Amino acid sequence: MQQVWRVTVGWVVGLLAVGAVGCRSAARPPASANLPDIRVGATVEAEHGMVVSVCPIASRVGAQVLRDGGNAVDAAVATGMALAVTWPEAGNIGGGGFMMVAEPRRGDSPDVRFFDYRESAPAAVQADTFANKPSSHLLAGTPGTVRGLHTAWQQHGSKRFAWRDLVLPAAKLAEEGFSVDAALAASLNSGLRNSDAFSEFRRVYGKPDGSAWAAGDRLVLPDLAATLRRIADRGPADFYEGQTADAIVREMEAGGGLITASDLKTYRVRLRQPIVGTFNGYTLYAPPPPSSGGVAMLQILGMLQGRDLSPESRWSANTLHLIVEAMRRAFADRARYLGDPDYGQVPVAALTAGDYVRKLGSDIDPAKATSSEQIAPWAQLRENGGQTTHYSVVDVNGLAVSNTYTLEQSFGGKVVVRGAGFLLNNELGDFNPRPGQTTRTGQIGTPPNLAAGGKRPLSSMTPVIVAREGRVCLVTGSPGGRTIINTVTQVVLNRLAFGMTLREAVDAPRLHHQWMPDGIRVEKALATQHPDAVEALRAIGHRIDPTMPDRQGDAHSIDVNPATGRLTGVADQRIGGAAAGY
Ligand code: DON
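Predicted model only: the values in this text are computed from it and were never measured.

**Some remarks on the overall build of the chain**
In terms of regular secondary structure, the chain is built from 18 helices and 22 strands. Its C-alpha atoms give the chain a radius of gyration of 22 Å, near enough to 25 Å, the size a compact globule of 582 residues would have. When the 582 residues of the chain are sorted by exposure, 62% land in the buried category. Accessible area of the chain: about 20400 Å², with a carbon and sulfur share of 49%. The centroid of the 58 positive side-chain charges in the chain is displaced by 2 Å from the centroid of its 55 negative side-chain charges.

Below you can see the structure in the form of structure tokens.
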């Protein structure tokens, strides 16, 4: 299996001008009566367009935009706004994320753009600001989602939909309310537990009679509806300089947070070049720093190149061992080198170069677990003194969007901006909290990801687009903190190397190793389905984390058949998402 690794460098293109908000309604194209109806389900096959997300309502909102003549970016904006209403633990306007957009080009590889709308640290932040039990308010970064979605729409939207018409469906959902499903009821109930300190969160998201949410209840969010209507009418100007900006600043002043009017006003989306690698004849477009996902995923795949990745070997102890050893090494490099590239040199090209990656994996002993401590003599280890969501969109012309956005933990830090109805992120917890304190339990204190004013914390979010012979064939990504990188890498491996269908690739049980702590976390299903392999890993020196989570990640993905263009939307069923296609 011959693989060539190629990485594009010099990806910092700089700031995007964010100009007119485009609030006037454009004439909508009439929906064609000949088009099939939208179908919604866990797996959906379709010819024209597809949206897959954690929430059936939001997937349908996006698919309706596609069916009404919008393109994949229009649909991604509408889906993202809808999720801010229907999936409040992670869907957001008070957080940030990454969007990868792939425009097809006839006879050539797609033109792929990466929108970094990650939250940034307020100007007042310093390296040790988060060292001692920071409050939720302190951990809030300047949100990027509204400007991020707006910038992507300005650059790639079809212009058949005005900005306003992509935000209004979300405003209406918030205004009129919508039916809570089992997944949302569980999410809200879990968020409301231990939330006594957050009275506005309880007022806005608690069930009015104080009981637990149940499937079939109706959630109405009037404050959020009013905020979304302002954003629909005035665009980012409202959120970053208008009434919503004022509400955020008031919330910060009341709660001891650091975001100022100037932080909001100067927030910019950054357009960066994706990292490009090849694997098994496929081209992978992966997120650059401040995501760590692209570098780590390409390193893991690179270390596995040339090894036995036959379908029959997928669940052998040997294969699992190789995957874990590759993860261990990639995560050590992540801790050592990765951070916001605007605040220091991040050697992406060197870290993903073929020779380097081969060398990195060359000391993997097929018969024995490596010690995480030994492969990182640079780390001066000391003793120890959430939630995100991904969605994928492909339209009838092959335009593809891979979007992961987040509040960091579930419902962020549970701070709802008073009177404005939306949750703020606690993303600044992704900075290395204590300079110099790298511990065996996984806390990292290395310089590249130390906090600073304006800097973006290192992320693991890994929205990915894969192409074959110039055509997009897979769109995927996941939530899950540091596990994101390994979830996405396993979906990609299952599909590209182990010959699984996308449904099988997403359903297959997952594991996770992140260098420190030096142990493997296996999904319960993996231990149940392959107990001998897990036992064999133990026998060669791996520590298996006894917590064994029920689920790792939530990878809502789309497969495009390269020959026919037919779309298969696959909603990961670990939480209960849906594909919507027509
Ligand atoms: O950007 C990151 O890597 C994290 N803030 C993502 C958090 C997350 O995925 C938690 N959700 N499960």
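So much for the structure itself; the text now carries on.
**Considering the pattern of salt bridges**
In this structure the tally under the stated criterion is 30 salt bridges. Between R203 and E200 there is a salt bridge, with the nearest N and O atoms lying 2.8 Å from each other. Linking R203 with E200, this pair stays in helix α6 (residues 199–205), spanning three residues, or about one helical turn. The class for R203 is exposed, based on a relative accessible area of 52%.

**Considering the packing of helix α11 (residues 293–304) against helix α14 (residues 354–361)**
Viewed as axis vectors pointing N to C, α11 and α14 meet at an angle of 70°, and their least axial separation amounts to 8 Å. As the angle between them shows, α11 and α14 are arranged roughly perpendicular. Viewed along their axes, α11 and α14 form a crossing whose handedness is right-handed. Residue-level inspection shows Q299, G302 and M303 of α11 in contact with α14, the latter providing Y356, V357, L360 and G361.

**Looking at the packing of aromatic side chains**
Aromatic ring pairs are described here by two measures, namely the spacing of the ring centres and the angle between the planes. Considering all chains together, one arrives at 11 aromatic pairs under this definition. With 5.6 Å between their ring centres and 40° between their planes, F239 and F422 make a pair best called tilted. The pair F239 / F422 is uniform in exposure class, with both members buried. Each ring, one from W378 and one from W515, has its centre 5.5 Å from the other, and the planes form 25°; the classification is stacked. For W378, a relative accessible area of 22% puts it in the partly exposed group. Three or more aromatic residues link up through ring pairs in this structure, and these residues are F239, Y240, Y267 and F422.

**Section: helix α1 (residues 56–67)**
The end-to-end C-alpha separation of α1 is 16 Å, in line with the 16 Å expected for 12 residues at 1.5 Å each. Along α1, the residues classified as buried are A58, S59, V61, G62, A63, V65, L66 and R67. Elements that come into contact with the buried residues of α1 comprise β4 (50–53), α2 (72–86), α4 (163–176), β13 (387–394) and β22 (578–581). One or two positions beyond α1, positive phi appears at G69, with a value near 105°.

**Looking at the packing of α1 against α2**
Two elements in contact, α1 and α2, have axes separated by 8 Å at closest approach and are oriented at 155°. Of the possible angle classes, the one that applies to α1 and α2 is roughly antiparallel. Here α1 and α2 pass one another in a crossing that is right-handed. Packed against α1, whose contacting residues are I57, A58, V61, G62, V65 and L66, the element α2 presents A72, D74, A75, A78, T79, A82, L83 and T86 at the interface. Within the contact of α1 with α2, the residues separate by chemical class into 10 nonpolar, three polar and one charged.

Calculation rules
Residues numbered from 1 in each chain as written. Predicted model: local features only at pLDDT ≥ 70, side-chain atom pairs only at ≥ 80, totals over all residues. Heavy atoms only, no water. Helix = DSSP H or I, 4+ residues; strand = E, 2+ residues; numbered from the N terminus. Rg over C-alpha atoms; globule rule 2.2 N^0.38 Å. Buried < 20%, exposed > 50% of the residue type's maximum accessible area, 1.4 Å probe, protein only. Areas by Shrake-Rupley, 256 points an atom, 1.4 Å probe, with all protein chains shown as cover. Lys, Arg positive; Asp, Glu negative; His and termini not counted. Charge placed at Lys NZ, Arg CZ, Asp CG, Glu CD. Salt bridge = Lys/Arg side-chain N within 4 Å of Asp/Glu carboxyl O. Axes fitted to C-alpha atoms, helices over the stretch in contact; angles between N-to-C directions. Parallel < 35°, antiparallel > 145°, perpendicular 65-115°, else oblique. Left-handed = near helix turned anticlockwise from the far one by under 90°. Contact = heavy atoms within 4.5 Å. Phe/Tyr/Trp six-rings, centres within 6.5 Å; stacked < 30°, edge-to-face > 60°. Expected span 1.5 Å × (residues − 1). Nonpolar A, V, L, I, M, F, W, Y, C, P; charged D, E, K, R; others polar.

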